[in-house]
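Listed below are the residues making up each chain.
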Amino acid sequence: MTPMPADAFPIDAVRAQFPALQKAGEFIFLDNAGGAQIPQSVLDAVTRHLVDHNVQRGGRYDKSRAVDRAVAEARESVGLLINAYRPAEICFGMNATSFIRLVSLGIGQTLGERDEIVVTDMDHDANIATWLALESAGAKFAWWRMREDGTLRAEDLVPLLSPRTRLVACTATAHSIGTIVDIAAVSRAAQAVGAEVFVDGVHYGPHGLIDVQAWGCDYLVCSGYKNFSPHMGFLWGRFDALKRLPTFREDFIPDEPPYKVEAGTFVYENVAGMDASVRYLEALGRGFTGPSTGSRRGDIIAAMAAIRAYEAELSREMLRQLKACGATIYGIADEARVHGRVPTICFNIPGRSPQAIADAMSDAGIGIRDGHMYAPRLMQRLGLPMATGALRVSMVHYNTIGEVRRFGDALAAYLRHSGR
Ligand SMILES: Cc1ncc(COP(=O)(O)O)c(C=O)c1O
């Protein structure tokens, strides 16, 4: 299957499917790492769920059975999205952080001789602080540090591993500086010493193909609201790993994945939205594969390949614009190396306040993020104060080259007119 070249990406057709983009007019969404917009088909699925069967699951009447069916279908879809071994490995809940906490509490009860956990200084704090909280359970920690060029290399992980390593917790992609991590290499290294791998897939999810089987990891979390879906999260774990994991559950809940992980009621309508967001990607993929493949996973693969190619163009253009404005770019800044990143770019303008720039961009109708990006350890590594931090522009596949240029023009105009 050959993905379409980036310049053939159906950007107008994509944008037409997102009501928020239509309604926002000239406003430019460049804070997508904080949460993405939602296609009409996802909104429709949420509404349909609320109107047609907004009842509790597990009943014998039709509407309740429809909820059971909707959740089962969503498990199937999300399983395809990430290439799970089976749908029962997909657990739904509130968000990624609460799932990381849930898994960490289980792991904390089973440390024994293997009491070391590897964390990184590039991750979102949700995938660091949660693990560090296991100190009181006797956990010891090893820090896997990113390199000066903003990459996190599996070869630097190897010396940190030993038969005492219980788990490596790392991101698939930095939500702050956009670096992609080679999770398959991480899993190979971890498995060589019998350790498990917990992947934060939150930021990679909207940008590239997740394949937990090829990656060889043990757990993965994602947030639906970064994946063109409403606020919800999901956890994937190898069935046996989830089966072994101690979790809290009421006595009437079977000790079986996914039920043992999903205490209480979750937001069914948002899970229905997550299902629809996977189907949105499939439909996008069918535009590249044609209607005849008959493979939902094949369509997802095609969609994510096309998204990667298109987003590489967005990254290249954004890097050019930022350099023209004299920005200090944290992480991969070479246009020839954009394959190692997603279009999430962290920067500062020397001598300027990130907050003033974010305000000025807001005045220009452009939403960007300033501050510490929920990554205190990374801020420290970059020598940036927590109070001010940096700026981040984060794009997804509905952004356009034209928007990137408009942002570059607005930034240049602000810098010209505001002086020092
Ligand atoms: C990489 C990464 N991990 C974890 C989180 C936390 O996700 P949630 O809000 O679903 O708990 C975020 C949120 O921005 C994130 O970007």
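Note that the structure is a prediction, hence the values are computed from the model and not measured.

A few words now on the nonpolar core. If you look at the biggest cluster of nonpolar residues, it comprises 102 residues, and the most contacted ones within it are Ile82, Phe92, Leu220, Leu322, Phe347, Phe407 and Leu411. For this core, the leading source of residues is helix H12 (residues 296-324), giving twelve residues. The residues touching leucine 411, leaving out its near neighbours within four places in the chain, are Leu322, Cys325, Phe347, Ile349, Ile357 and Met361. Counting 25 residues, the second-largest nonpolar core is a separate cluster that includes Ile128, Ala139, Val202 and Leu235.

Here we take up the sheet that holds strand E7 (residues 219-223). Spatially, seven strands are ordered E2-E8-E7-E6-E5-E3-E4 in an open sheet, and the strand pairing comes out mixed. Each end of this open sheet is capped by a strand with a single partner; those strands are strand E2 (90-93) and strand E4 (140-144). Taken pair by pair, the neighbouring strands of this sheet meet at an average axis angle of 20°, ignoring direction. As paired strands, strand E5 (residues 165-171) and strand E6 (residues 196-200) are joined by five bridges and run parallel to one another. Following the sheet pairing, cysteine 170 is matched in E6 by valine 199. Lying on the sheet, helix H5 (residues 96-108) is in contact with E2, E5, E6, E7 and strand E8 (233-237); it crosses E7 at an angle near 160°.

So, on to the side chain of aspartate 200. Following the sequence through the fold, aspartate 200 ends up in strand E6. This buried residue, aspartate 200, is left without a salt bridge; lysine 226 holds the nearest opposite charge, at 8.4 Å. Within the local environment of aspartate 200, its side chain forms a polar contact with the backbone nitrogen of valine 202, the two atoms lying 2.9 Å apart. With sequence-adjacent residues up to four places away left out, aspartate 200 is seen in contact with Asp123, His124, Asn127, Cys170, Thr171, Ala172, Thr173 and Val221.

Inspection of every chain in the model, using the stated rule, returns 30 salt bridges. Taking the shortest distance from any N to any O, the salt bridge between arginine 164 and aspartate 115 comes out at 2.8 Å. You can see arginine 164 sitting in the loop between helix H7 (154-157) and E5 and its partner aspartate 115 sitting in the loop between H5 and strand E3 (116-120), a full 49 residues away along the chain. Given the relative accessible area of 38%, arginine 164 is considered partly exposed. The exposure class assigned to aspartate 115 is buried, which follows from its relative accessible area of 6%. For the salt bridge of arginine 147 with glutamate 155, the shortest nitrogen-to-oxygen distance reads 3.9 Å.

The environment of the ligand is made up of Asn95, Ala96, Thr97, His124, Ala126, His175, Asp200, Val202, Ser223, Tyr225 and Lys226. Taking alanine 96, its main chain carries an N or O atom lying 2.8 Å from an oxygen atom of the ligand. At 2.5 Å from an oxygen atom of the ligand is found a side-chain nitrogen or oxygen belonging to lysine 226. Across the complex, the protein chains shield 90% of the 390 Å² of accessible surface that the ligand would expose by itself.

Next up on the list: the pairing of E3. In terms of burial, E3 is a largely internal element, four of the five residues being buried. Sheet topology places E3 next to E4; five bridges connect them, and they run parallel. Bridging from a neighbouring strand, glutamate 116 pairs with lysine 140 of E4. As paired elements, E3 and E5 share three bridges and run parallel to each other. Residue pairing across strands places valine 118 opposite valine 168, the latter belonging to E5.

This part takes up helix H13 (residues 354-363). Taken residue by residue, H13 has Pro354, Ile357, Ala358, Ala360 and Met361 as its buried positions. Burial along H13 is one-sided: seen end-on, the buried residues are contained in an arc of 160°. Away from its buried face by more than 90 degrees, H13 exposes Asp359 and Asp363. Of the surrounding secondary structure, the elements contacted by the buried residues of H13 are strand E10 (344-348), strand E11 (366-367), strand E12 (369-371), strand E13 (390-394) and helix H15 (401-418). The backbone nitrogen of glutamine 355 has a side-chain oxygen 3.2 Å away, supplied by the residue at the start of H13, namely serine 353.

With that settled, the discussion passes to the sheet that holds E13. Ordered in space as E9-E10-E13-E12, the four strands form an open sheet in which the pairing is antiparallel. Across the chains shown, the open sheet's two edge strands, defined by having one partner strand only, are strand E9 (328-330) and E12. Strand-to-strand twist in this sheet, taken as the mean axis angle between neighbours without regard to direction, amounts to 30°. Strand direction decides the pairing type here: E10 and E13, joined by four bridges, are antiparallel. Directly across from phenylalanine 347, in E13, lies its bridge partner leucine 391. H12 rests against E9, E10 and E13 of the sheet, and its axis sits at about 5° to E10.

How each quantity is defined
- By convention here, each chain's residues receive numbers from 1 onward along its written sequence.
- A pLDDT threshold of at least 70 governs which residues receive local features in this predicted model, and a stricter bar of 80 or more applies before side-chain atom pairs are shown or counted, although totals over entire chains, interfaces and linings include all residues.
- Calculation of side-chain values draws on the structure's entire complement of heavy atoms; hydrogens and water are dropped beforehand.
- Each nonpolar core is a collection of buried residues, namely Ala, Val, Leu, Ile, Met, Phe, Trp, Tyr and Cys, held together in the definition by side-chain atoms within 4.5 Å.
- For every residue, the accessible area (1.4 Å probe, protein chains only) is compared with the maximum for its type, and the residue is labelled buried under 20%, exposed over 50%, or partly exposed between those bounds.
- Think of it this way: any DSSP run of H or I at least four residues long counts as a helix, any run of E at least two long counts as a strand, and we number them from the N terminus.
- The contact criterion used throughout is that any non-hydrogen atoms of two residues lie within 4.5 Å.
- Strand pairing follows a simple DSSP-based rule, namely that at least 2 bridges must link the two strands.
- Where helices are involved, their axes are fitted lines through C-alpha atoms of the stretch in contact, as for all axes, and angles between N-to-C directions lie from 0 to 180°.
- Just so you know, the count uses Lys and Arg for positive and Asp and Glu for negative, and it drops His and the chain ends.
- Note on definitions: salt bridges are taken to be side-chain nitrogens of Lys or Arg within 4 Å of carboxyl oxygens of Asp or Glu.
- Each polar contact in these results corresponds to two N or O atoms within 3.5 Å; when the atoms are within protein, one needs to be able to donate a hydrogen and the other to accept it, and residues that are neighboring in sequence are counted only if both atoms are side-chain atoms.
- The rule for a residue being near a molecule or strand is that one of its heavy atoms must lie within 4 Å of it.
- What sets the accessible areas is the Shrake-Rupley method with a 1.4 Å probe; for residues, cover comes only from the shown protein chains.
- What the arc describes is the spread of directions from the helix axis to the C-beta atoms.

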